[in-house]
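# Fold and contact review
Listed below are the residues making up each chain.
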Amino acid sequence: MFGLFSKKKKSDTQAVKGFYGVVDGTSIDLSQVEDEMFSNRMLGDGIAIKPSSNIVVSPCNGEVTLVSDTKHAIGLKNEDGIEVLIHIGLDTVKLNGEGFETLCKIGDKIKVGQPLVNVNRQFLKDKNIEDVIMMVVVEQNGYELSNYHTNQSVEAGKSILIEYK
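So, here's what we can say about the structure.

Cut-off values and rules
Residue numbers restart at each chain and count upward from 1, following the sequence in its written direction. Reporting of local features is limited, given that this is a predicted model, to residues whose pLDDT is at least 70; pairs of side-chain atoms are given and counted only at 80 or more, and all residues count toward the totals for whole chains, interfaces and linings. Each side-chain value is worked out from all heavy atoms of the structure, with water and hydrogens disregarded. For the purposes of this entry, the term helix denotes a DSSP run of H or I that reaches at least four residues, the term strand denotes a run of E that reaches at least two, and both are numbered from the N terminus. The globule rule used for comparison is 2.2 Å times the number of residues to the exponent 0.38, while the radius of gyration itself is calculated over C-alpha atoms. Each residue is placed in one exposure class: buried if its accessible area under a 1.4 Å probe, protein chains only, is under 20% of its type's maximum, exposed if it is over 50%, and partly exposed if it falls in between. The criterion used for residue contact is that any of the two residues' heavy atoms lie within 4.5 Å. All accessible areas in this document rest on Shrake-Rupley with a 1.4 Å probe, and a residue is counted as covered only by the protein chains that are shown. Counted as positive: Lys and Arg. Counted as negative: Asp and Glu, with His and the chain ends omitted from the count. We put the charge of a Lys on NZ, of an Arg on CZ, of an Asp on CG and of a Glu on CD. The rule for pairing is simple: two strands pair if DSSP sees at least two bridges between them. Think of a patch as exposed residues, more than 30% relative accessible area, with no salt bridge, where like charges cluster within 9 Å and nonpolar side chains (Val, Leu, Ile, Met, Phe, Trp, Tyr) cluster within 5 Å. Criterion for a salt bridge: a side-chain nitrogen of Lys or Arg within 4 Å of a carboxyl oxygen of Asp or Glu.

On to the overall build of the protein chain, then. Looking only at helices and strands, one finds three helices and 14 strands in the protein chain. In terms of overall size, the protein chain behaves like a compact globule, its C-alpha atoms giving a radius of gyration of 17 Å where 165 residues would be expected to give roughly 15 Å. Seen through its principal axes, the protein chain has C-alpha atoms that stretch 70 × 30 × 25 Å. A burial count over the protein chain gives 45% of its 165 residues as buried. In the protein chain, of all internal contacts separated by at least 6 residues, the share reaching a separation of at least 24 is 70%. Roughly 9100 Å² of accessible area belongs to the protein chain as shown, and the carbon and sulfur atoms make up 45% of that amount. Counting 18 positive and 23 negative side-chain charges, the protein chain places the centres of these two groups 8 Å from one another.

So, in structure tokens, the structure goes:
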């Protein structure tokens, strides 16, 4: 009568699902990361960003599931149950948290673009540590990762990096 019970077409209601930029910079394929754990996708598939800013933000709405003691890695679970690991820099575990200020804690509910970590990129540079940031899907929860946006300029919390269906 008033269209209250009419079905909408799936295409009308289904927006692109995905993960957004975690930092301003340039996206690259994981195979270009100079660490075999990431370049060989041993932890999972994903994408990397060569950063141009210091603030790492949430790529999704969801919950913080991990904040490493050394502050260089954050785990998130999005609203669809997909789990991602954000790993900041190469060999940064040896810094024991120096150069990182965490802005979240385990159990926090987060939104796209919400700041998670402040990275002192100059400190990493002074220590000759690569500041590339990896976002790896460690649990797909039955979803298929369908598109990776590499070799492009990325804006934190705005540019879509990984699409899934």
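Now that the structure is up, let's keep going.
So, on to unusual backbone geometry. Not every positive phi belongs to a glycine, and Arg 41 is a case in point at roughly 60 degrees. Here Arg 41 shows up in the loop between helix H2 (36-39) and strand S3 (45-51). Its identity is not glycine, yet Lys 71 carries a phi of approximately 65 degrees, on the positive side. Inspection of the secondary structure puts Lys 71 in the loop between strand S5 (62-67) and strand S6 (73-78). Owing to a relative accessible area of 30%, Lys 71 belongs among the partly exposed residues under this scheme.

Within the secondary structure, Val 132 sits in the loop between helix H3 (121-126) and strand S11 (133-139). Its relative accessible area of 3% is what places Val 132 among the buried residues. In this view, Val 132 contacts Ile 28, Val 33, Ala 48, Ile 49, Lys 50, Pro 51, His 87, Ile 88, Gly 89 and Leu 90; residues no more than four positions away in its chain are not counted.

To continue, consider the sheet that holds S3. The strands that make up a sheet pair up through hydrogen bonds in the backbone, lying either parallel or antiparallel. The eight strands are arranged S9-S5-S6-S7-S11-S3-S2-S13 in an open sheet whose pairing can be described as antiparallel. Edge positions in the sheet fall to strand S9 (109-110) and strand S13 (153-154), since each of these pairs with one other strand and no more. Alignment of strand S2 (residues 25-29) against S3, held across five bridges, turns out to be antiparallel. When the bridges of S3 are listed, Ile 28 appears paired with Ala 48.

Together, Met 37, Met 42, Leu 43 and Val 138 give the surface a local cluster of nonpolar side chains, amounting to about 340 Å² of exposed area. Here Leu 43 lies in the loop between H2 and S3. Residue class for Leu 43 comes out partly exposed when judged on its relative accessible area of 33%.

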